[in-house]
Amino acid sequence: EPLEIVAALEDFFAVDMPLAGRHALVTSGPTYEPIDPVRYIANRSSGKQGHAIAEALANLGARTTLVSGPTYLSYPLGVDVVTVESAKEMMAACEAALPADIAVCAAAVCDWCVEEKSPEKLKKNGGGGVPALLLAETPDILATISASRATRPKLVVGFAAETENVIDNAKAKLSNKGCDWIIANDVSMASGVLSGDENTVHLITETESEDWPTLSKWEVGVRLARRIALSFSDGSGSGSVGS
Ligand code: C5P
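Remember, it's a predicted structure, so these values are computed and weren't measured experimentally.

**Q** Please provide a residue-by-residue account of the side chain of serine 118, values included.
**A** Turning to its location among the elements, serine 118 is positioned in the loop between β7 (112-114) and β8 (135-137). A distance of 2.5 Å separates a polar side-chain atom of serine 118 from the backbone oxygen of glutamate 120.

**Q** Mind laying out the sheet that holds strand β13 (residues 209-211), listing which residues take part and the relevant values?
**A** Two pairing modes exist for strands in a sheet, parallel and antiparallel, and in both the strands are linked by backbone hydrogen bonds. Spatially, the eight strands line up as an open sheet ordered β5-β4-β1-β6-β9-β10-β12-β13, and their pairing is mixed. The open sheet has two edge strands, β5 (80-83) and β13, and neither has a second partner. Averaged over neighbouring strand pairs, the angle between their axes works out to 15° when direction is ignored. When strand β9 (residues 155-162) meets strand β10 (residues 181-186), the two strands line up parallel, connected through six bridges. Bridging across to β10, glycine 158 finds its partner in isoleucine 182. Sheet strands in contact with helix α3 (residues 87-97) are β1 (23-28), β4 (63-68) and β5, and its direction is about 175° off that of β1. Packing against the sheet, helix α5 (residues 166-177) makes contact with β9, β10, β12 (201-204) and β13, and its axis sits at approximately 150° to β10.

**Q** For the side chain of serine 146, give the residues involved together with the corresponding values.
**A** Among the secondary structure elements, serine 146 is positioned in helix α4 (residues 141-147). Judged by its relative accessible area of 8%, serine 146 falls in the buried class. Not counting residues up to four positions away in its chain, the partners in contact with serine 146 are Arg152, Val156, Lys177, Gly178 and Cys179.

**Q** Kindly report on the pairing of strand β6 (residues 102-105), identifying the contributing residues and their values.
**A** Alternating residues of β6 divide into Ile102 and Val104 and Ala103 and Cys105, and every residue in both groups is buried. Examined bridge by bridge, β1 and β6 share four bridges and lie parallel to one another. If you follow leucine 25 over to β6, its bridge partner there is alanine 103. Across four bridges, β6 lies against β9 in parallel orientation. Bridging across to β9, valine 104 finds its partner in valine 157.

**Q** Can you lay out a nonpolar patch on the surface for me, pointing to particular residues and giving the numbers?
**A** The grouping of Ile5, Leu9, Phe12 and Phe13 at the surface amounts to a nonpolar patch, some 490 Å² of accessible area in total. Looking at where phenylalanine 13 falls in the secondary structure, it is placed in helix α1 (residues 2-13).

**Q** So what's going on with α3? Which residues, and what values?
**A** Within an α-helix, residues lying three or four positions from one another point in the same direction, as the helix has 3.6 residues per turn. Of all the positions in α3, only Ala87, Met90, Met91, Ala93, Cys94 and Ala97 are classed as buried. Angularly, the buried residues of α3 cover 165° about the axis, an arc narrow enough to put them on a single face. More than 90 degrees from the buried face of α3, the exposed residues found are Lys88 and Ala96.

**Q** Break down the packing of helix α2 (residues 48-59) against helix α6 (residues 217-233) for me, with residues and values.
**A** Here α2 crosses α6 at 45°, and the two axes come no closer than 8 Å. The orientation of α2 relative to α6 falls into the category oblique. Taken as a pair, α2 and α6 cross one another with a handedness that is right-handed. Across the interface between the two elements, Lys48, Gln49, Ala52, Ile53, Ala56 and Leu57 of α2 pack against Lys217, Trp218, Val220, Gly221, Val222, Leu224, Ala225 and Ile228 of α6.

**Q** I'd like to hear about the pattern of salt bridges, residue by residue, with values.
**A** One pass over the structure, following the stated rule, counts eight salt bridges. Residue lysine 177 is joined to aspartate 140 by a salt bridge in which the shortest nitrogen-to-oxygen separation is 2.5 Å. Of this pair, lysine 177 sits in helix α5 while aspartate 140 sits in the loop between β8 and α4, and the two are 37 residues apart along the sequence. Judged by its relative accessible area of 21%, lysine 177 is partly exposed. The shortest N-O distance in the salt bridge between arginine 227 and glutamate 210 comes to 3.2 Å. Highlighted residues: arginine 227 in helix α6 and glutamate 210 in strand β13, separated in sequence by 17 residues. Under the relative-accessibility criterion, arginine 227 is labelled buried at 12%. Taken together, the salt bridges that share partners define one network made up of Arg22, Asp101 and Lys154.

Each value, and the rule that gives it
Residues numbered from 1 in each chain as written. Predicted model: local features only at pLDDT ≥ 70, side-chain atom pairs only at ≥ 80, totals over all residues. Heavy atoms only, no water. Helix = DSSP H or I, 4+ residues; strand = E, 2+ residues; numbered from the N terminus. Polar contact = N/O pair within 3.5 Å; in protein donor to acceptor, adjacent residues only side chain to side chain. Pairing = 2+ DSSP bridges. Axes fitted to C-alpha atoms, helices over the stretch in contact; angles between N-to-C directions. Contact = heavy atoms within 4.5 Å. Buried < 20%, exposed > 50% of the residue type's maximum accessible area, 1.4 Å probe, protein only. Patch = residues over 30% accessible without salt bridge, like charges linked within 9 Å, V, L, I, M, F, W, Y side chains within 5 Å. Areas by Shrake-Rupley, 256 points an atom, 1.4 Å probe, with all protein chains shown as cover. Salt bridge = Lys/Arg side-chain N within 4 Å of Asp/Glu carboxyl O. Arc of directions from axis to C-beta. Parallel < 35°, antiparallel > 145°, perpendicular 65-115°, else oblique. Left-handed = near helix turned anticlockwise from the far one by under 90°.

Printed below as a string of structure tokens:
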């Protein structure tokens, strides 16, 4: 879109790279949790939002590591990409990528995995019996990064994909996960966010809540990256959303 071209040109020719010297870690896409060699459980996620954020941070000069679950997207320019499948692999890749100054956890990580995946393809037994899957919790990557002591990034940003009470649930998530900012969005089927190109988000910190207009996911990435750069330029690196 024309606005995206203008913003990309502005970033390309920017003499000032406000995030130069910073390392940003971004998670994106879904995770696949295997049931057997051919089946898995997953969350719906295109990875569009996380990839856009990674590209926007790189455009502002940050060395950017994108840890991505399976998507059909091409890799963003100027970004180091690590591809993973499961939440466990995503956790390990993030830990290997730390330390970072900024972490943005945009991935739709599956909350549960199958406790014991079958080494062979499960077979229908023909008698109507179905396998019972015992689920276990996956590691919470956002909460783990937020709680890490020696390697905690100065600014940790999480996402709250909600289908109801978007702002209240996002505020609760901010304190439960221990992150600095939450980007909250409505992902109910009616919103069309999950597979679409647009997003309507709210930026929530401990003290502020800001409603952004409906933007393309690419523009949300650019705006968030600029906000992050602003929070580093005032020396705080977290907390305040700036103006
Ligand atoms: O708990 P919930 O999935 O709603 O939280 C969403 C936020 O937490 C997102 O930022 C997501 O990337 C992150 N998350 C994570 N690891 C999980 C579950 C969610 O990093 N296992």
